[in-house]
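# Coordinate analysis (summary)
What follows is the residue order along each chain.
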Amino acid sequence: MAKYKRIPGGEKTIKSGTAWIENELRLALNLYLKLEGKQIHERNPEIQELAHSLERSVRSLEAQMLMFRN
């Protein structure tokens, strides 16, 4: 996968501004558990791949995974 490049002002996707559905949250939680709550950052290729498959931005997936800590 190509090197991730942050977009100033935020990346926009098809699902920008829409609520996360249960299946997306399950996939995010599974990855969070797989990573054991570590390496949750935009440069992680696993996060990039999942975000792409969910049609979500990398930063939104990263933020969603960080919320699992709370």
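Report follows, based on the coordinates. Since the model is a prediction, treat every value here as computed from it, not as a measurement.

Right, let's talk about the pattern of salt bridges for a bit. The final tally for this structure, using the stated rule, is six salt bridges. The residue glutamate 42 makes a salt bridge to arginine 59 at a minimum N-O spacing of 3.8 Å. Of this pair, glutamate 42 sits in the loop between helix 1 (22-34) and helix 2 (45-54) while arginine 59 sits in helix 3 (residues 58-67), and the two are 17 residues apart along the sequence. Under the relative-accessibility criterion, glutamate 42 is labelled buried at 10%.

This part covers the environment of lysine 38. With respect to the helices and strands, the residue lysine 38 is situated in the loop between helix 1 and helix 2. With 28 residues separating them along the chain, lysine 38 and leucine 66 place their C-alpha atoms 9.7 Å apart.

For helix 2, the complete set of buried residues consists of Ile47, Gln48, Leu50, Ala51 and Leu54. Buried positions in helix 2, seen along its axis, are confined to an arc of 170° and lie on one side of it. Relative to its buried face, helix 2 has exposed residues pointing more than 90 degrees away, namely His52 and Ser53. Buried residues belonging to helix 2 abut helix 1 and helix 3.

Attention now goes to the packing of helix 1 against helix 2. Running from N to C, helix 1 and helix 2 cross one another at 170°; their axes reach a closest spacing of 11 Å. Here helix 1 lies roughly antiparallel to helix 2, going by the angle between them. Taken together, the residues of helix 2 that come into contact with helix 1 (itself represented by Glu24, Leu27, Ala28, Leu31 and Lys34) are Glu46, Ile47, Leu50 and Leu54. Classifying every residue of the contact of helix 1 with helix 2 by side-chain character gives six nonpolar, no polar and three charged.

It is worth spelling out the packing of aromatic side chains at this point. The description of an aromatic ring pair uses the distance of the two centres, along with the angle that the planes make with each other. One pass over the structure, following the stated rule, counts one aromatic pair. Geometrically, the ring pair formed by tyrosine 32 and phenylalanine 68 is tilted, given 5.8 Å between the ring centres and 55° between the ring planes. A residue pair is termed long-range when its members are at least 10 positions apart, and tyrosine 32 in helix 1 and phenylalanine 68 in the segment after helix 3 qualify at 36 residues. The buried category is assigned to tyrosine 32, whose relative accessible area is 13%. Sitting over the ring of tryptophan 20, arginine 56 keeps its end group 4.5 Å from the ring centre.

Calculation notes
Residues numbered from 1 in each chain as written. Predicted model: local features only at pLDDT ≥ 70, side-chain atom pairs only at ≥ 80, totals over all residues. Heavy atoms only, no water. Salt bridge = Lys/Arg side-chain N within 4 Å of Asp/Glu carboxyl O. Helix = DSSP H or I, 4+ residues; strand = E, 2+ residues; numbered from the N terminus. Buried < 20%, exposed > 50% of the residue type's maximum accessible area, 1.4 Å probe, protein only. Arc of directions from axis to C-beta. Contact = heavy atoms within 4.5 Å. Axes fitted to C-alpha atoms, helices over the stretch in contact; angles between N-to-C directions. Parallel < 35°, antiparallel > 145°, perpendicular 65-115°, else oblique. Nonpolar A, V, L, I, M, F, W, Y, C, P; charged D, E, K, R; others polar. Phe/Tyr/Trp six-rings, centres within 6.5 Å; stacked < 30°, edge-to-face > 60°. Lys NZ or Arg CZ within 6 Å of the ring centre and 35° of its normal.

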